[in-house]
Amino acid sequence: MPDDGASCFTHGPAAMQPVPAVQRNWLIVVAAMIFFMIVLGALTRLTESGLSMVEWKPVTGWLPPIGDQAWQAELQKYLSSPQGKLVNRGFDIDQFQQIFWLEFLHRLWGRLIGAVVALPLAWFWLRGELSPWLKPRLLALLVLGGLQGALGWAMVASGLVDRPSVSHYRLAAHLLLAVALYLYTVWLVLELGPQAARHPEPRMERKATALIAFALVVMTWGAFMAGLRAGLSHNTFPTMSGYWIPPGLFELSPWWINLFENGTTVQFIHRWLAKLLVLGVLVMAWRSRRPEALAAGAAALLQLCLGIATILSGVNIALATLHQAGAVLLLTTLIVVRHRATASRPRLLSAMVAG
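Note that the coordinates shown come from a computational prediction; the quantities given were computed from them, not determined experimentally.

### A few points about the overall build of the protein chain
- Along the backbone of the protein chain there are 11 helices and 0 strands.
- When the helices and strands of the protein chain are listed from N to C terminus, the series reads α-α-α-α-α-α-α-α-α-α-α.
- A burial count over the protein chain gives 45% of its 355 residues as buried.
- Of the contacts made within the protein chain by residues no fewer than 6 positions apart, 78% connect residues no fewer than 24 positions apart.

### Comments concerning the packing of aromatic side chains
- Counted according to the given criterion, the structure contains 18 aromatic pairs.
- Taking the centre distance of 5.8 Å and the plane angle of 35° together, the rings of Trp-221 and Phe-260 count as tilted. Of this pair, Trp-221 sits in helix α7 (residues 202–228) while Phe-260 is found in helix α8 (residues 258–261), placing the two residues 39 residues apart along the sequence.
- When its relative accessible area of 25% is taken as the criterion, Phe-260 is described as partly exposed.
- Note on Phe-268 and Trp-272: the rings are 6.4 Å apart at their centroids and 55° apart in plane angle, and the pair reads as tilted. Of this pair, Phe-268 and Trp-272 both sit in helix α9 (residues 263–288), 4 residues apart, which is roughly one turn of that helix.
- Taken together through their ring pairs, the aromatic side chains of Trp-71, Tyr-78, Phe-91, Phe-96, Phe-100, Trp-101 and Phe-104 make up a single cluster.
- Note that Lys-135 overlies the ring of Trp-125, its terminal NZ or CZ placed 4.9 Å from the centroid.
- Directly above the aromatic system of Trp-272 lies the positively charged group of Lys-275, at a separation of 3.9 Å from the ring centroid.

### Focus: the side chain of Asn-258
- By the element assignment, Asn-258 lies in helix α8.
- When sequence neighbours within four positions are dropped, the list of residues in contact with Asn-258 reads Leu-249, Phe-250, Glu-251, Leu-252, Thr-265 and Val-266.

### Description of the nonpolar core
- Membership of the largest hydrophobic core comes to 65 residues, with the highest contact counts inside it found for Leu-27, Ile-38, Leu-138, Tyr-182, Val-281, Met-284 and Leu-334.
- Taken together, the elements giving at least two residues each to this core come down to α1 (21–46), α4 (93–126), α5 (134–157), α6 (168–192), α7, α9, α10 (291–312) and α11 (317–341).
- Top contributing element to this core by residue count: α6, with 13 residues.
- If sequence neighbours within four positions are ignored, Leu-138 has contacts with Trp-26, Leu-27, Leu-121, Leu-130 and Leu-188.
- Of all hydrophobic cores here, the second largest spans 11 residues; its members include Met-53, Phe-91, Phe-96 and Phe-104.

### Re α1
- With 26 residues, α1 should reach 38 Å at 1.5 Å per residue; the first-to-last C-alpha distance of 38 Å fits that figure.
- Glu-48 sits one or two residues past α1 and shows a positive phi near 55°.

### Some details on the packing of α5 against α6
- Packing of α5 against α6 brings their axes to within 9 Å, and their N-to-C directions diverge by 160°. By the criterion of interaxial angle, the relationship of α5 to α6 is roughly antiparallel. Viewed along their axes, α5 and α6 form a crossing whose handedness is left-handed.
- The residue makeup of the contact of α5 with α6, split by class, is 17 nonpolar, 5 polar and 2 charged.

### Looking at α5
- An ideal rise of 1.5 Å per residue puts 34 Å on 24 residues; α5 measures up with 35 Å between its terminal C-alpha atoms.
- Along α5, the residues that are buried comprise Leu-134, Leu-138, Leu-141, Gln-148, Gly-152, Met-155 and Val-156.
- For α5, the elements touching its buried residues are α1, α4 and α6.

### Some points on the pattern of salt bridges
- This structure, assessed with the given rule, holds 10 salt bridges.
- Measuring nitrogen to oxygen at the nearest pair gives 2.8 Å for the salt bridge that ties Arg-198 to Glu-191. For the residue pair Arg-198 and Glu-191, the accessibility class agrees, reading buried in each case.
- Residues joined in a network through salt bridges with shared partners are Glu-201, Arg-290, Glu-292 and Arg-340.

Here is what the cut-offs are and how they apply
- Numbering of residues starts from 1 in each chain and follows the order in which that chain's sequence is written.
- Only residues with pLDDT of at least 70 are given local features in this predicted model, and only at 80 or more are side-chain atom pairs given and counted; all residues enter the totals for whole chains, interfaces and linings.
- Each side-chain value is worked out from all heavy atoms of the structure, with water and hydrogens disregarded.
- Here a helix means four or more residues in a row that DSSP labels H or I, a strand means two or more in a row labelled E, and each is numbered from the N terminus.
- Exposure classes here rest on a 1.4 Å probe applied to the protein chains alone. A residue is buried below 20% of its type maximum, exposed above 50%, and partly exposed in between.
- Residues count as neighbours in contact if any of their non-hydrogen atoms are within 4.5 Å of one another.
- Aromatic rings from Phe, Tyr and Trp, taking only the six-membered ring of Trp, are treated as a pair when their centres fall within 6.5 Å; an angle between ring planes under 30 degrees marks them as stacked, one over 60 as edge-to-face, and anything in between as tilted.
- Look at NZ for Lys and CZ for Arg. If either is within 6 Å of the ring centre and within 35 degrees of the ring normal, a charge sits over the ring.
- Among buried residues, the Ala, Val, Leu, Ile, Met, Phe, Trp, Tyr and Cys ones that are joined through side-chain atoms within 4.5 Å form a nonpolar core.
- By definition here, a helix of n residues has an expected span of 1.5 Å times n minus one.
- Here an angle of 0 to 180 degrees is reported between the N-to-C directions of two axes, which are lines fitted to C-alpha atoms, with helices fitted over the stretch in contact.
- What sets the label is the angle itself: under 35 degrees gives roughly parallel, over 145 gives roughly antiparallel, 65 to 115 gives roughly perpendicular, and the rest give oblique.
- The crossing is said to be left-handed when, going from far helix to near helix, the turn is anticlockwise and less than a right angle, and right-handed when the turn is clockwise.
- Residues are grouped as follows: Ala, Val, Leu, Ile, Met, Phe, Trp, Tyr, Cys and Pro are nonpolar; Asp, Glu, Lys and Arg are charged; every other residue, Gly included, is polar.
- By convention in these notes, a salt bridge is any Lys or Arg side-chain nitrogen within 4 Å of a carboxyl oxygen on Asp or Glu.

Written out as structure tokens, the structure is:
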């Protein structure tokens, strides 16, 4: 109200102290970089480039090999690894560089994201320009980003011991943490942006929350498929090699391990969970008719088409990469749906962007 006072309330929340728009723009850049990192990670995995760097050097790893001698040394390290011994034992320098540069870019981009988060965070903090609400959330983003780097190395290390592939469980964890970081950053961007588009509706909020959780489950089995190379086993649609229920679903013992380690079962689960997810998003969009919900429905249909195309193509690298990007795009639209259906909390007033 006009007579509430310019600087404070007698009772209730503290006065609004608008956050500079530059802080929201900074987080938009961070979110975009994480999105690109997820896509780059998919490309790295699909080209089997992730095991080309057999050492983790958090401080000096941003420097590539320099000179022929350094490249030869790096190649010999790789040829001593399980993938180098069992899969690519005849690689020369040119072939090795083709997979090395992609993994190097993947790791370098991760370091750049860390710098883009840490340096502006320190600048805004030291200048006293961060709201009390935003400080712990940005610190959490920085810490989780560091843990993501460590988890990435733990994933790579699992493929450097006795087999030429990484643990599909660690691969799924690495992907899910990256997606969680992205969604968390997008949520912060939405919270710091204009709030006029919000139309609180608890029922819609619950639906969007459930669909986000379900989408993450679908993505988990998608990561299992990637780690087990299960997408190569059945390349027909809508059936799996002519079967609606393919043989061999429970050939492993105990039976429950098939849900996680049998490629046929993992693909079967991923297919049907994906169909249920698309159906759920379309029903939500049809019933609500909100623009953001309709966008989520369109994203779900696009993602379904990309998934089918990926299977029919025998896991074409470009299509499979787009399929992972499509999953993140779908989650982005669902986050927007949830945000707009959620009531603005009084404590967030001090974290709104001016204008």
